[in-house]
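Residues per chain, in single letters:
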Amino acid sequence: TAILKGLLQPHVPLPYFGYEILYQSSTEHWQDVLRKSVGAPIGTETELIYRALSRTMERGGHNQFGILVGLGTDHNVVATASLSGRKLSII
């Protein structure tokens, strides 16, 4: 949930913090995928990758990632999970 919370408020408590959480908590393979998704070459400073992820995920219009950063919906996002028969909701 820390990753999703970080993406819903990606610049709290610091600029690009949510993207840093996403990138740093990813496996090496997924870091490579994220880096390539923004066109960053091998060896790019991570701060530049965070900035590029921000621009990509926060752009307006028909953006498939917008829902992850709270764009494109006026509705509350609710996820429900069942753990050992107990239902938990995340709003």
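The structure we're discussing is the one just above.
Residues numbered from 1 in each chain as written. Predicted model: local features only at pLDDT ≥ 70, side-chain atom pairs only at ≥ 80, totals over all residues. Heavy atoms only, no water.

Enquirer: Before we go on, may I ask you to explain the overall build of the protein chain in this structure?
Expert: Across its full length, the protein chain carries 4 helices and 2 strands. Moving toward the C terminus, one meets the helices and strands of the protein chain in the order α-α-α-α-β-β. Among the 91 residues that make up the protein chain, the fraction classed as buried is 24%. The contacts of the protein chain with a sequence gap of at least 6 include a subset with a gap of at least 24, amounting to 32%. A total of about 6,800 Å² of accessible surface is found on the protein chain, and carbon and sulfur atoms cover 57% of it. (Helix = DSSP H or I, 4+ residues; strand = E, 2+ residues; numbered from the N terminus. Buried < 20%, exposed > 50% of the residue type's maximum accessible area, 1.4 Å probe, protein only. Contact = heavy atoms within 4.5 Å. Areas by Shrake-Rupley, 256 points an atom, 1.4 Å probe, with all protein chains shown as cover.)

Enquirer: Help me understand unusual backbone geometry, please; the structure alone is not making it clear to me.
Expert: Excluding glycine, most residues fall at negative phi; most peptide bonds, likewise, are trans. Across the junction of Val12 and Pro13, the peptide omega takes the value 5 degrees, indicating a cis bond. As for its placement among the helices and strands, Pro13 is situated in the loop between α1 (2–8) and α2 (17–24). In this structure, Tyr16 is a non-glycine residue whose phi angle is positive, near 65 degrees. With respect to the helices, strands and loops of the structure, Tyr16 is situated in the loop between α1 and α2.

Enquirer: Explain the environment of Gln31 to me, please; I cannot follow it from the model alone.
Expert: Its place among the elements puts Gln31 in helix α3 (residues 28–37). On the basis of relative accessibility, which here comes to 17%, the residue Gln31 falls in the buried class. Expressed as a C-alpha distance, the spacing of Gln31 and Ile49, which sit 18 residues apart in the sequence, is 9.8 Å. Leaving out residues up to four positions away in the same chain, Gln31 has contacts with Tyr23, Gln24 and Ser26.

Enquirer: Teacher, can you tell me more about helix α4 (residues 46–58) here?
Expert: Residues three or four positions apart in an α-helix share a direction because the helix packs 3.6 residues into each turn. The end-to-end C-alpha distance of α4, which contains 13 residues, comes to 18 Å, matching closely the 18 Å that a straight helix rising 1.5 Å per residue would cover. For α4, the complete set of buried residues consists of Ile49, Tyr50, Ala52, Leu53, Ser54, Thr56 and Met57. (Expected span 1.5 Å × (residues − 1).)

Enquirer: I would appreciate a short explanation of the packing of aromatic side chains in the present structure.
Expert: Describing an aromatic ring pair means giving the distance of the ring centres and the angle of the ring planes. Under the definition given, this model contains 1 aromatic pair. Arranged with centres 5.9 Å apart and planes meeting at 70 degrees, the rings of Tyr23 and Tyr50 form a pair that is edge-to-face. Remark: Tyr50 occurs in helix α4 and Tyr23 occurs in helix α2; sequence separation between them is 27 residues. Like Tyr50, Tyr23 is buried. (Phe/Tyr/Trp six-rings, centres within 6.5 Å; stacked < 30°, edge-to-face > 60°.)

Enquirer: Where do I start with the pattern of salt bridges in this structure?
Expert: Once the charged atoms of two side chains with opposite charge are near each other, the side chains can pair. In this structure the tally under the stated criterion is 3 salt bridges. Of the charged contacts in the structure, one is a salt bridge between Arg35 and Asp32, with a shortest N-O distance of 2.2 Å. Of the two residues, Arg35 and Asp32 both sit in helix α3, 3 residues apart, roughly one turn of that helix. On the basis of relative accessibility, which here comes to 8%, the residue Arg35 falls in the buried class. For Lys36, the salt bridge is made with Asp32, and the minimal N-O distance between the two is 3.3 Å. Residue Lys36 and its partner Asp32 are located together in helix α3, separated by 4 residues, close to a single helical turn. Here Asp32 falls in the partly exposed class, since its relative accessible area comes to 27%. (Salt bridge = Lys/Arg side-chain N within 4 Å of Asp/Glu carboxyl O.)

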